[in-house]
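For reference, the chains in residue letters:
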Amino acid sequence: MCLSADSTKKVLITGGAGFIGGTLIRRLLMDTSVEIFNLDKMGYASDLHGINQVLRTLGESAEGRHKHLRVNLADSKSTSTAVSFADPDLVIHLAAESHVDRSISSPLQFVESNIIGTFNLLQALLKHWENLPTQRQREFLMLHISTDEVYGSLEHKGYFSENSSYDPRSPYSATKASSDHLVNSWFHTYGLPLIRTNCSNNYGPWQFPEKLIPMVILKAFSKENIPIYGDGKNIRDWLFVEDHVEALIQVIDKGEVGRNYCIGGLNEKTNLEIVESICGVLDLLRPKYAPHSEYISYVEDRPGHDRRYAINPERILREIGWKPKYGFKQGIEATVQWYLSNLDWCSLMKKKSNYKGERIGLR
Ligand code: NAD
Ligand code: DAU
């Protein structure tokens, strides 16, 4: 399905008030003419400032193209009502509790949102899809957004790919793995047209400041200890969020129904390397306070901390023709600069969620 400037498709995006969903909606508002239904429960990490900024810039041309539906997917009745109201041609399912540390402290919320929420959405969509007129039924698609964490933890060698076995090890990744299995079974059993993507770590503007990169920027900026879990040698494969969004749009356009695609940044870094590069950018921007790395502090490890994630993105490179555009240097500089220019937003998000930058997820 091509989301072009003249598309009249109705797109239901779940989790559109979150980090990746918000980036996707801003892009769709700017580059297409689709009608967007943004279903989000408005949890602690949700925010509509970024989307509202774009709507203001676009003015009349965007009027009525973004409708926010405050709905919790864990509630089957309101999920089903929202799906009927949106009457979608395309569903992009991003809503999930997404922070590993919080899943250690409060796993039930992850079961409710990620498993029950996905189940309720699938049931509502199946009913909707079965009742669509033939042409719309043929073109309907649900894209389920998942994570590389479902594949477990790698040592020094090897990569995750579409054929890797599932081996989730945190409550977060276990609930995401469950949602992936539900989605696959709704495709095989009921024929609901689905594609699944599993992406590596995203970074960029508008990410809630509990995740590593925004957390480090804000702690280093305010000269607080920068907490590195364990020995700092855990590896993640970092992707700029705009590149992830571009991959999703291309998968919707060129992906094969029933197939899954791994999305990665070809950019493995240890956590210590990430922290040092952020400190390096801050040293250039605020030489008076250099070296920011003096605030690095090794703290107790995350329970069950996965050692390494790394994606082999060969399928999406070859079959879809997507590849990341942003190099890490460019992406991290843009991200640090964005946070320094948006300190008020960070304070607002922390205040409204009662999050003070404290450690979460120790047993
Ligand atoms: P986020 O936490 O910033 O946003 C998630 C949004 O989903 C929030 O606005 C939240 O309110 C909403 N939500 C959660 N439970 C809901 C429910 N029951 N009903 C309605 N809305 C609900 O997360 P994100 O980083 O934008 O991640 C989006 C998706 O991408 C998630 O499914 C996550 O697993 C996946 N993912 C994230 C990354 C990453 O690095 N951030 C990488 C790969 C995959
Ligand atoms: O791999 C994709 C996943 O990436 C997504 O599915 C998740 O939604 C997303 O949150 C992210 O999970 P991680 O656990 O990898 O991200 P986080 O930013 O929490 O941590 C990145 C690494 O940094 C991890 O090894 C833990 C470490 N860390 C994290 C924090 C918050 C620290 O050392 N110190 C910290 O303060």
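Higher on the page you've got the structure.
Read on for an overview of the structure. (Residues numbered from 1 in each chain as written. Chains lettered and ligands numbered in written order. Predicted model: local features only at pLDDT ≥ 70, side-chain atom pairs only at ≥ 80, totals over all residues. Heavy atoms only, no water.)

1. A closer look at the packing of helix H8 (residues 212-221) against helix H12 (residues 328-341)
The line we're drawing: What counts as an axis is a line fitted to C-alpha atoms, over the stretch in contact for a helix, and the angles between N-to-C directions run from 0 to 180 degrees. Helix and strand assignments come from DSSP, with helices taken as H or I runs of at least 4 residues and strands as E runs of at least 2, each series counted from the N terminus. Orientation is classified from the angle alone, with under 35 degrees giving roughly parallel, over 145 giving roughly antiparallel, 65 to 115 giving roughly perpendicular, and any other angle giving oblique. In this scheme the crossing of two helices becomes right-handed for a clockwise turn of the near helix relative to the far one and left-handed for an anticlockwise turn of less than a right angle. In this description, contact between two residues means that some pair of their heavy atoms is separated by no more than 4.5 Å. Residue polarity is assigned by list, with Asp, Glu, Lys and Arg as charged and Ala, Val, Leu, Ile, Met, Phe, Trp, Tyr, Cys and Pro as nonpolar; anything else, Gly included, falls into the polar class.
The contact between H8 and H12 brings their axes to 10 Å, and the two run at 55 degrees. With respect to H12, the axis of H8 lies oblique. The two elements H8 and H12 cross, and the hand of that crossing is right-handed. Of the residues in H12, those in contact with Ile213, Pro214, Ile217 and Phe221 of H8 are Ile332, Thr335, Val336, Tyr339 and Leu340. Of the residues assigned to the contact of H8 with H12, the class counts are eight nonpolar, one polar and no charged.

2. Thoughts on the site of ligand 1
Convention followed: We call a residue near a given molecule or strand whenever any one of its heavy atoms falls within 4 Å of it. Here a polar contact is recorded for every N or O atom pair within 3.5 Å, except that within protein the pair must consist of a potential hydrogen donor and a potential acceptor, and residues adjacent in sequence are included only if both atoms are side-chain atoms. Surface exposure here means Shrake-Rupley accessible area, sampled with a 1.4 Å probe, where a residue is shielded only by the protein chains that are shown.
Surrounding ligand 1, one finds 29 residues, the nearest of these being Asp40, Ser46, Ser98, Tyr172 and Lys176. Residue Lys41 places a main-chain N or O atom 3.1 Å away from a nitrogen atom belonging to ligand 1. One of the backbone N or O atoms of Gly43 is found 3.1 Å from an oxygen atom in ligand 1. Burial of ligand 1 by the surrounding chains reaches 95%, relative to a free accessible area of 830 Å². Contributions of two or more residues to the shell around ligand 1 are made by helix H1 (19-31), strand E2 (35-40), strand E5 (141-147) and helix H7 (171-190). Considering every element that reaches the shell around ligand 1, the biggest residue donor is E5, with three residues. The residue makeup of the shell around ligand 1, split by class, is 13 nonpolar, 12 polar and four charged.

3. Concerning the packing of helix H10 (residues 271-285) against H12
At their nearest, the axes of H10 and H12 sit 10 Å apart, and the two run at 60 degrees to each other. Between H10 and H12, the crossing angle belongs to the class labelled oblique. Seen along the crossing, H10 lies across H12 with a hand that is right-handed. Residues Ile274, Ser277, Ile278, Val281, Leu282 and Leu285 of H10 form the contact with H12, whose own contacting residues are Phe328, Ile332, Glu333, Val336, Gln337 and Leu340. Looking at the contact of H10 with H12 residue by residue, the classes come out as nine nonpolar, two polar and one charged.

4. Describing the nonpolar core
This is how the line gets drawn: Among the buried residues, those of types Ala, Val, Leu, Ile, Met, Phe, Trp, Tyr and Cys that are joined through side-chain atoms within 4.5 Å form a nonpolar core. In this scheme, a residue with accessible area under 20% of its type's maximum is buried, one over 50% is exposed, and one in between is partly exposed, where area comes from a 1.4 Å probe on protein chains only.
The biggest cluster of nonpolar side chains holds 38 residues, and the ones touching the most others in it are Ile13 and Ile92. When residues of this core are assigned to their parent elements, the largest contribution, seven residues, is made by helix H9 (residues 241-254). Counting residues in each nonpolar core, the second largest holds 32 residues, with Met215, Ile217, Leu282 and Met349 among its members.

5. A look at the pattern of salt bridges
As a reminder, the rule being used: A carboxyl oxygen of Asp or Glu within 4 Å of a side-chain nitrogen of Lys or Arg is what we treat as a salt bridge.
A full pass over the atoms with the stated rule returns 21 salt bridges. Between Arg136 and Asp87 there is a salt bridge, with its nearest N and O atoms 3.2 Å apart. Separated by 49 residues along the polypeptide, Arg136 in helix H6 (residues 134-139) and Asp87 in the loop between helix H3 (76-86) and strand E4 (90-93) bring together distant segments of the chain. For Arg136, a relative accessible area of 23% corresponds to the partly exposed category. Since its relative accessible area comes to 22%, Asp87 is described here as partly exposed. Here the salt bridges do not stand alone but share partners, grouping Lys10, Asp87, Asp89 and Arg136 into one network.

6. Points about the site of ligand 2
For ligand 2, the set of nearby residues contains 23 residues, the closest of which are Thr147, Asp148, Tyr172, Arg302 and His305. The side chain of Asn271 places a nitrogen or oxygen atom 2.9 Å from an oxygen atom of ligand 2. Contacts to ligand 2 include Arg302, whose side-chain N or O atom sits 2.6 Å from an oxygen atom. When contributions to the shell around ligand 2 are tallied by element, the ones reaching two or more residues are H8 and strand E8 (226-229). Broken down by element, the shell around ligand 2 gets its largest block of residues, three residues, from E8. Considering only residue class, the shell around ligand 2 consists of nine nonpolar, eight polar and six charged.

7. A look at the environment of Asn202
You can see Asn202 is positioned in strand E7 (residues 202-203). Taking the C-alpha atoms as reference points, Asn202 and Ile320, 118 residues apart in sequence, are found 20 Å from one another. Leave out the neighbours within four places in its chain, and Asn202 touches Phe19, Ile20, Gln207, Trp238, Leu239, Val241 and His244. Side-chain polar atoms of Asn202 contact the backbone oxygen of Ser200, separated by 2.9 Å. Of the polar contacts made by the side chain of Asn202, one reaches the side chain of His244; its length is 2.7 Å.

8. A look at the pairing of E2
Inclusion rule: Orient the strands so they point away from the viewer; a crossover is then right-handed if the path from the first strand over the helix to the second runs clockwise.
Extensive coverage of E2 is indicated by the burial of five of its six residues. As a crossover connection, the stretch from strand E1 (residues 10-14) through H1 into E2 is right-handed. The parallel pair E2 and strand E3 (residues 66-70) is bridged by helix H2 (residues 49-58), and the resulting crossover is right-handed.

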